[in-house]
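Structural overview for review
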Amino acid sequence: MNSPLVAGSQAEGHEPAARRPTDWNTGAMQARIRKRYAAERRFRLLGLAAILLSAGFLAFLLLTMLANGLRGFTSTDIALPVDFANSGLVVEPASLEGPGADLALAGADFQGTTSAAATAAFGADGATLLSDSAWLTVREAVRDDPSLLGKRAVIEVPASTAIDMAAKGDGDPTAEARYQRLEAAGQVSSGFNLRFLQGADSTDPTAVGIWGAFKGSLLTMLVTLVLAFPIGVFSAVYLEEYAPRNRWTDLIEVSINNLAAVPSIIFGLLGLAVFLGTFHLPRSAAFVGGLTLALMTMPVIVIAGRNAIKSVPPSIRDAALGVGASPVQVVFHHVLPLALPGILTGTIIGMARALGETAPLLMIGMRAFIATPPDGFTAPATVLPVQIYLWSDEVSRGFVEKTSAAIIVLLVFLLAMNGLAIYLRNKFETRW
Amino acid sequence: MSSTALLFLVLGLGLMAWIAARTRAAAFADGGPRGGATRHSLPMYHGWYVALWAVLPALLFLGVWSAVTPGLINGAVLATPEAAALPAFGMERTAILVEARQLATGQLPGAFNPQAQALAPAFEAEIGKYRLIGTVLALVLAFAGGAYAFTRIRPDFRARTRVERLVMAVLLGASLIAILTTIGIVASLLFESIRFFSFVSPSEFLFGTQWSPQTAIRADQVGSSGAFGAIPLFWGTIFIGAIIAMLVAIPLGLMSAIYLTQYAAPNVRKWMKPILEVLAGVPTVVYGYFAALTVAPAVRDLGVSIGISSASSESALAAGLVMGVMIIPFVSSMADDSIAAVPSAMRDGSYAMGATSSETIRKVLLPAALPGVVGGVMLAVSRAIGETMIVVMAAGLAANLTANPFASVTTVTTQIVQLLTGDQEFDSAKTLAAFALGLVLFIVTLLLNIVALRVVKKYREAYE
Amino acid sequence: SDAGGEVREQIRAVGSSTVYPFTTAVAEQFTTKNADFRSPIIESTGTGAGMQLFCAGVGAQYPDLTNASRRMKKSEFDSCQANGVKQIVELQVGIDGLALVEANNGPAMSLTTADVYKALAANPGGKPQTARTWRDVNPSLPAVPIQVYGPPSTSGTRDSLVELIMVPGCDADPAMKALKETNEDQHEQICSKIREDGAYIESGENDNLIVQKLASNPTALGVLGYSFLEENQNSIRGVSMNGVAPTYQTISDFSYPGARAMFIYVKGAHVNAIPGLKQFVAEYAGAWNPDGYLTRRGLIASPDAVRKEMAQRAAALTPMTGDELK
Amino acid sequence: MTDIATPNAFVAPDPASTAHATGISDPKMTARNVNVFYGAKQAINDVSIDVDMDNVTAFIGPSGCGKSTFLRTLNRMNDTVASARVSGEIRLDGEDIYASDMDVVQLRARVGMVFQKPNPFPKSIFENVAYGPRIHGLAAAKSELDAIVEKSLRRAGLWDEVKDRLSDSGTALSGGQQQRLCIARAIAVDPEVILMDEPCSALDPIATAKIEELIHELRGRYAMVIVTHNMQQAARVSQKTAFFHLGHLVEYGDTSDIFTNPREERTKDYITGRYG
Amino acid sequence: MTDIATPNAFVAPDPASTAHATGISDPKMTARNVNVFYGAKQAINDVSIDVDMDNVTAFIGPSGCGKSTFLRTLNRMNDTVASARVSGEIRLDGEDIYASDMDVVQLRARVGMVFQKPNPFPKSIFENVAYGPRIHGLAAAKSELDAIVEKSLRRAGLWDEVKDRLSDSGTALSGGQQQRLCIARAIAVDPEVILMDEPCSALDPIATAKIEELIHELRGRYAMVIVTHNMQQAARVSQKTAFFHLGHLVEYGDTSDIFTNPREERTKDYITGRYG
Ligand SMILES: Nc1ncnc2c1ncn2[C@@H]1O[C@H](COP(=O)(O)OP(=O)(O)OP(=O)(O)O)[C@@H](O)[C@H]1O
Ligand SMILES: Nc1ncnc2c1ncn2[C@@H]1O[C@H](COP(=O)(O)OP(=O)(O)OP(=O)(O)O)[C@@H](O)[C@H]1O
Ligand SMILES: [Mg+2]
Ligand SMILES: [Mg+2]
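Residues numbered from 1 in each chain as written. Chains lettered and ligands numbered in written order. Predicted model: local features only at pLDDT ≥ 70, side-chain atom pairs only at ≥ 80, totals over all residues. Heavy atoms only, no water.

An unreviewed UniProt entry lists chain B under the name Phosphate transport system permease protein, from Sphingomonas gilva. What the UniProt record of chain B gives under Function (unreviewed entry) is the line "Part of the binding-protein-dependent transport system for phosphate; probably responsible for the translocation of the substrate across the membrane." On record in UniProt, under Sequence similarities (unreviewed entry), the comment for chain B is "Belongs to the binding-protein-dependent transport system permease family. CysTW subfamily." (UniProt positions renumbered as here; feature names shortened; annotations may be inferred.)

So, about the overall build of chain B. Looking only at helices and strands, one finds 15 helices and two strands in chain B. When the 464 residues of chain B are sorted by exposure, 56% land in the buried category. Taking the contacts inside chain B whose residues are at least 6 apart along the sequence as the reference set, 72% of them involve residues at least 24 apart. Accessible area of chain B: about 18,100 Å², with a carbon and sulfur share of 70%. (Helix = DSSP H or I, 4+ residues; strand = E, 2+ residues; numbered from the N terminus. Buried < 20%, exposed > 50% of the residue type's maximum accessible area, 1.4 Å probe, protein only. Contact = heavy atoms within 4.5 Å. Areas by Shrake-Rupley, 256 points an atom, 1.4 Å probe, with all protein chains shown as cover.)

Further remarks concern the domain arrangement of chain B. On domain assignment, one finds that chain B holds domain 1 (3-157) and domain 2 (227-462). Spacing between the C-alpha centres of domain 1 of chain B and domain 2 of chain B amounts to 52 Å. (Domains from an automatic or database assignment.)

At the interface, 75 residues of chain A touch 78 residues of chain B. At the boundary of chain A with chain B, total buried surface from both sides reaches about 6,700 Å², with 78% on carbon and sulfur atoms. When residues of chain A are sorted by the area they lose upon contact with chain B, A:Phe43, A:Ile51 and A:Phe57 head the list and together hold 10% of the total. The shortest N-O distance in the salt bridge between B:Glu359 and A:Arg36 comes to 2.7 Å. Taken together, chain A and chain B are joined by eleven residue pairs in polar contact (both at pLDDT 80 or more). Here the side of chain A that touches chain B gets 20 residues from one element, more than from any other, and that element is helix α1 (residues 27-69) of chain A. Among the residues making up the side of chain A that touches chain B, the classes are represented as 53 nonpolar, 16 polar and six charged. (Buried area = accessible area lost by both parts, 1.4 Å probe. Salt bridge = Lys/Arg side-chain N within 4 Å of Asp/Glu carboxyl O. Polar contact = N/O pair within 3.5 Å; in protein donor to acceptor, adjacent residues only side chain to side chain. Nonpolar A, V, L, I, M, F, W, Y, C, P; charged D, E, K, R; others polar.)

This brings us to the site of ligand 2. Residues and elements named next belong to chain E. Close contacts around ligand 2 come from Tyr 38, Lys 41, Ala 43, Ser 63, Gly 64, Cys 65, Gly 66, Lys 67, Ser 68, Thr 69, Val 81 and Glu 198, and that covers them all. Glu 198 places a polar side-chain atom, nitrogen or oxygen, 3.4 Å from an oxygen atom of ligand 2. Contact with the protein chains covers 64% of the free accessible surface of ligand 2, which is 630 Å². Listing elements by their share of the shell around ligand 2, those giving two or more residues are β2 (41-52) and α2 (67-73). Tallying contributions element by element places α2 first for the shell around ligand 2, with three residues. In terms of residue class, the shell around ligand 2 is built from four nonpolar, five polar and three charged. (Near = heavy atom within 4 Å.)

Moving on: the state of the cysteines. Residues and elements named next belong to chain D. Applying the stated rule across the entire model yields two disulfides over all chains. Ordinal numbering of bonded cysteines along chain C defines a disulfide pattern of 1-2, 3-4. Here Cys 65 is not cross-linked by a disulfide; its sulfur's nearest cysteine counterpart is in Cys 200, at 18 Å. On the basis of relative accessible area, Cys 65 is assigned to the buried category, the value being 1%. (Disulfide = S-S within 2.5 Å.)

On to the site of ligand 1, then. All names here are of chain D. Every residue near ligand 1 is listed here: Tyr 38, Lys 41, Ala 43, Ser 63, Gly 64, Cys 65, Gly 66, Lys 67, Ser 68, Thr 69, Val 81 and Glu 198. One nitrogen or oxygen atom from the side chain of Lys 41 is found 2.6 Å from an oxygen atom belonging to ligand 1. A distance of 2.9 Å separates an oxygen atom of ligand 1 from a polar side-chain atom of Lys 67. Contact with the protein chains removes 63% of the 630 Å² of surface that ligand 1 exposes when unbound. Looking at side-chain class alone, the shell around ligand 1 contains four nonpolar, five polar and three charged residues.

A word on the sheet that holds strand β8 (residues 223-227) of chain D. All names here are of chain D. Overall, mixed pairing links the six strands, which are arranged β6-β7-β8-β3-β9-β10 in an open sheet. Here the strands that pair on one side only, and so sit at the sheet edges, are β6 (111-114) and β10 (248-254). Across this sheet, the average inter-strand angle for adjacent strands is 15°, counted without regard to direction. As defined by bridge partners, strand β3 (residues 56-60) adjoins β8 across four bridges and the pair is classed as parallel. Counterpart to Ala 58 in the pairing with β8 is Ile 226. (Pairing = 2+ DSSP bridges. Axes fitted to C-alpha atoms, helices over the stretch in contact; angles between N-to-C directions.)

Time to look at the arrangement of the chains. The top pair by number of contacts, from a total of eight pairs of chains in contact, is chains A and B. If you take every C-alpha in chain C and every C-alpha in chain D, the smallest gap between them is 48 Å, and the two do not touch. There is a gap between chain C and chain E: no contact, and a shortest C-alpha distance of 50 Å.

What follows concerns a nonpolar patch on the surface. Residue and element names in this part refer to chain A. On the surface, a nonpolar cluster with roughly 280 Å² of combined accessible area is contributed by Leu 63, Leu 66 and Leu 70. With respect to the helices, strands and loops of the structure, Leu 63 is situated in helix α1. Given a relative accessible area of 54%, Leu 63 falls into the exposed group. (Patch = residues over 30% accessible without salt bridge, like charges linked within 9 Å, V, L, I, M, F, W, Y side chains within 5 Å.)

In total, this model carries 34 aromatic pairs over all chains according to the counting rule given. Between B:Trp211 and B:Phe228, the ring centres sit 5.6 Å apart and the planes meet at 90°, which makes this aromatic pair edge-to-face. Residue B:Trp211 is located in strand β1 (residues 211-212), and its partner B:Phe228 is located in strand β2 (residues 227-228); the two are separated by 17 residues in the primary sequence. On the accessibility criterion, B:Phe228 (3% relative accessible area) is buried. Pairwise contacts between aromatic rings join B:Phe196, B:Phe197, B:Phe205, B:Trp211, B:Phe228 and B:Phe234 into one cluster. A cation sits over an aromatic face here: C:Lys267 above C:Phe54, 4.8 Å from the ring centre. Residue placement shows D:Arg185 over the ring face of D:Phe121; its charged tip is 4.6 Å from the ring centre. (Phe/Tyr/Trp six-rings, centres within 6.5 Å; stacked < 30°, edge-to-face > 60°. Lys NZ or Arg CZ within 6 Å of the ring centre and 35° of its normal.)

With that settled, the discussion passes to the UniProt feature "transmembrane region" (unreviewed entry) in chain B. Residue and element names in this part refer to chain B. The positions that UniProt labels "transmembrane region" (unreviewed entry) are, in the present scheme, residues 45-65, 130-150, 166-191, 233-254, 275-296, 316-343, 364-385 and 432-456. End C-alpha atoms of residues 45-65 are separated by 30 Å, and the span's content is 100% helix alongside 0% strand. With 100% helix and 0% strand, residues 166-191 has its two end C-alpha atoms placed 36 Å apart.

Residue and element names in this part refer to chain A. An order of β2-β1-β3 is seen for the three strands of this open sheet, with the pairing classed as antiparallel. Edge strands, defined here as strands with exactly one partner in the open sheet, are β2 (152-158) and β3 (188-192). Going from strand to strand, the sheet's axes swing by 35° on average, the running direction of each strand aside. Across seven bridges, the pairing between strand β1 (residues 74-83) and β2 is antiparallel. Across the sheet, the residue bridging to Ala 79 is Glu 156, located in β2.

Let's shift gears to unusual backbone geometry. Residue and element names in this part refer to chain C. One non-glycine residue, Asn 242, lies in the positive phi region at around 50°. When you line up the elements, Asn 242 lands in the loop between β10 (240-241) and α11 (248-252). One non-glycine residue, Phe 254, lies in the positive phi region at around 60°. Here Phe 254 shows up in the loop between α11 and β11 (259-267).

Rendered as structure tokens:
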């Protein structure tokens, strides 16, 4: 019904009238195509190789740690016969009832008794077969069962590092030989090392535990979370939803993006100068560690939060504004709830990074030897990665496997956190 | 009354104010949003308005009060006759005063110093007095604030607007923390750095090629010649973080991203991506341990087997390799994002021309995504040059200016840790050098980030 | 200013990383034996920083005790005094040996301090360093490349290395000894500066890594605390110096050149205020005997006479006067 | 209603003034000499128009001509665009909606809006409709709220389809149902004016027919403005039509006149499909 | 051209077969009983159609009816959508393009495509046009390449506008120029068929007119299929029109017939604007 527009074709007058389509079937063309497909396959293989290499490296790392560390979770015990009746221990069984028990036990020479018993049972080198903290086990046994005091009893006490290593096939020849003899006599046993999960730092590798550092990490993370999460989310909301575009908000934006990439050690210097130097907060405290790490984590949360908020479709905001919600109501009723999963994943990833952070904490004194788990935010504490760093520097060879075991604990913690983040991401991804 | 109890009292007053105001506002006639006599805001907002008026001024006052009173109390105590015996000035006097206060408040079980014991009763009396005044004033303020706000409640009173204004202020305040942190970092680095530069000239520091902070730890110490040319550190940092690590991370990260976005099945991608991300989540101390004990010896053996007899077991290569692996996810996820952000129209355009996947990726997608990839690489570099523990544990401390990857080099961050955790005096040039190094590091990452942001931003605008 | 201050119920110690393992061991025993005291906090900050924190003042926010791998300096003592830290109890807890070690399958070297000096100095005898192998230093030594893992310039152990081995090795040359009288600065330049061309490899504080690295690199030497040598007998062994091998005996009688005394300093003003401090010192004094548990961790006990004097001092907590320091 | 202030802009010689001066008895909203800028770019150029209670007004025009922009100035949704700037005068019942003491939140409750793409909240159907009454405190008790929700859904012609699944998510409805839900949501706060920006463009023919029917039913109860790119739709649902082009209001008048007898050449070209 | 194999599908009783059986002399592409699924959802339902060399074929229909989907099956662009699955038979010069030994890369060079939104590569104008010839190795020397680029730009009617700035970025051109650049890019590999998916929907009226003119000029040289939502445009540029609805091909025939005398009620409703 509409007449076509007039066509003018003078521009092409010089071209040949007959069209010669490209001949795709010549040999040269076919060869070229084969070459292109070969290049395609090579490129694709290269990509696959990159993935496999990266994943392989991760697997290798994890397997190495696992192989070294799993031994740290087992310990070797020696069955030590102790003749309490004739030990010369001066403890009144009666004094072991009630609150005075600890004091009464502290006064008794369990150390001497234990080494005497060892010498009696295993010969002159008997005492060296036992862990330095073996007598503590004996003391515990007596505390639990005061009736032992009048009898002869066999108590399972931790073996010394040398014997423990020999039991795990890594000892020196003399220890190996000694261990063979003990094993032949049925006097040694191996088992899961519960002490490792319950105790705190120690100078004796057979007595160390990870719980102190773990608790320190928990407390530190709690402070970090409580400070960084609200501040991070609030700044993200402000910057994404309300901030006018001007030089000031640009400045804020640049600072935040920059802070997210500032080397962590600089935060350590900040903590040292400001929290310890200016505000005189206590050294080595989980609170200061948390504060420092919060400053480090906050930008990560802001960035994740902004991305999550940005991905809430604007139509939701329009809808709420359209029925007369105020900007604050729009954000708190609609945007934040919808962005929360994204914010949470970002938070968990930021927290995971904070959990593995070592360098800034070294600066603020969280590298101390602390033999009891911290009992508060201002109590001296250390954290898992610093504990790993400290143990890797210990004299005794028994600490090597403990270091790897601590690494496993840390990795499990982290993988759990990452897993949670992935779960959240998958669960809440794109619901509209 | 203890300060916690006072705090709860004030908060309790706030709660009462909230309830009272809400009830009163709810009693106003309800007429829908139009018409003259309509209530402007929901009762809840009136409640919040009054509660905030009751609580905030009182809390503000308490804050100021607790900051001011110690000075007043000290002044009052110093005026007592017991204080006459105190040493005139200096640390000891301060120490005694602090101790006396702690005794008075029961924080200390026993006295370090008998003079403190003597001052304690005076402290006790003054503290009691000021606490009473503070309590009364706080309560009065809470009542006055609440009452003032309560009288303002009217149907057309815009309580919601006021409350929301406060919420906005809080949000703005939160975002200012970032600036405060930046200022804090600069301040804490700048001051010490300036002191450092009074020992060592900036040009010597920035352009000297000899790093050997063997200055005297103490005045009488032997071996006190020192050289603070930071070029070997900068070089080491760049060599490990920006060259070796990037030689690992860029190809692996980029190719992984390409494979995952363009070739991998959605299921593979769903699994592989988080797995790769784990690489960035492994704590650096673990990498450090791994690098030092597993990778470094292997690298050394490799060096020896190819005839480099000087191969050190603390090689730049070992640290750089491990660091490169660590930052693969940074490169790959940024590359992933920016390749995905190339409009699919580009991809379709290329496929429609008869291009194969690899041609499309290499000739169209990558060039278009390049700015984003470059931005990601910049961020990865800034992460790498800030990395500490891997280098501390695996790369050694020798400030060599060498391009031999089997030799040992050191980095800025490692030296910061060493300088600050060694046996040093806090105002020796050696310690202060750590802050100067920190400052340089901060400035460099700042510049890298600004460049990265610029690049990413420019690229974003190109498609919108 | 005058605000601040914290309650503190437990002992707080800082200072040398060399003494740290012994003090932590004592702390641990102290805790298990004294259930009513909180366990002490021991931070390894290095001797110098420890001194600085220790001397900063009296009060709960300052440490009660500092570990030192060398004696307090007069200047440090003065700074303590100036800050009101008047009463300082000095206790020598034992001896540490700075041992030169090699892998068990190494070349079985035997060196003199002069060899070490010539091999490690930046400018041996004032001339540029040219030695690449030990044979370059001394024709009787094997021709293995010079590679020594040692403490970094930031550590106090490095000072000891210079003081105890390098300088005596340098002074073995009479010309150098004479130089000391005429030009002390130059003497110091020549005698105490360590080469930085890669033959001397600064290793961090992590001595275990040095052990590992020696095991995988048998021609290299390492500079370690004696305790590490003892603990790792299965992979490393001591290198004898001037004909003396580093053993418990040779170190305790100071015949091995690398022997040095270790100290702790206790703040007299805190003894009554910090619960358990007194008992802690007593525990330490009980542990530093040759049959005490510290020797099992590599401590070398002080000679009997010294121990006796120290035990008395620990009991009476006699402060030092400062005159004994230089 | 209060009497209308007569600003001098009213008599300004603007091309559309003659067009809209006819036949409008009781304007609910009046716009005079409105200009809208996005940054430096002018999107609306000196537009004056009256919207009245009894008629449905349709805005038509090619893509990018400023229909949506102008519609959004009527309830100040443009405030959310940082770069947008509005000059001129817009009155609702004689009240200047751009006056500094105007409460925007309340204004938007009085001038409701329905968007091109249905945008229910990802909440239950009930909560979608109840949201407005809740934030404005229109219901004192749960039963009152229930009543409002039911009434609104009924008016939007959705009640029978959803009454048994009020707690299902609003996003689970079909496109056409979602759009009616959005209309119900707008109705629930009892607005005076309803603005609709291409409400049917994402819908299928049957859903479109339902919405058109709904517009017919709501006519007279609310003043309504509808933007559409479908001229047949404009012809079917509206009584007044405004034709925009490049930010100008080219022609405004009775729908029947515009479609059968356009006065401007541009209008005619557009209606006959020569561009757009 | 090779002779056309006559598959039995050709005689299958499909609703559209009668429609397209008329008047097509020399089909360049034939589609028989094509079904397309996205996952479980069927987007195209048993469509058979012929595309011939001499005519421009227009696909019209309401949004979401499957026009784009069907168009993209013609050069297997749907392969890039993981969830898409195609059944039925499509032949180009008698060759089954979904046969396993079909080389997709070559197919796409023979069946070019132009998209709704102009999508020049972010490269220079020259590189945009040279891209195809380069990857297919159509030019042995630089001078040959120059000639191809010039010829293609001339055919696309863009040469005079850009000949002095061939090294400027393709994205710096205006929308209409960009779209002509995309056409030039498609022409450069000398395809046999050109598919265009709403090539003018993002353009202003003047640019649209230019593209329509271009289509007229190219007619006869290439087989052309154009998807459009603008019925006037379909009427102006095409000789054959196919009307799709809900994945079905409702009606296919001469454009003049479809617009003046549609056989199906749905076609008529759509053309008169009752929906879409
Ligand atoms: N947020 C904005 N910033 C800058 N310019 C804008 C913005 N929104 C719209 N514009 C511009 O203002 C002009 C009018 O846009 P508007 O969306 O009002 O057109 P419209 O008539 O609704 O078009 P359509 O039919 O496509 O919806 C257009 O040129 C558009 O590009
Ligand atoms: N990638 C995809 N995955 C799943 N469904 C799809 C996909 N692409 C299109 N569809 C669906 O297939 C149907 C046909 O879509 P198509 O894009 O072909 O329609 P159209 O006729 O081109 O519409 P328009 O005019 O809007 O471009 C629609 O229902 C659409 O939702
Ligand atoms: Mg619009
Ligand atoms: Mg389409």
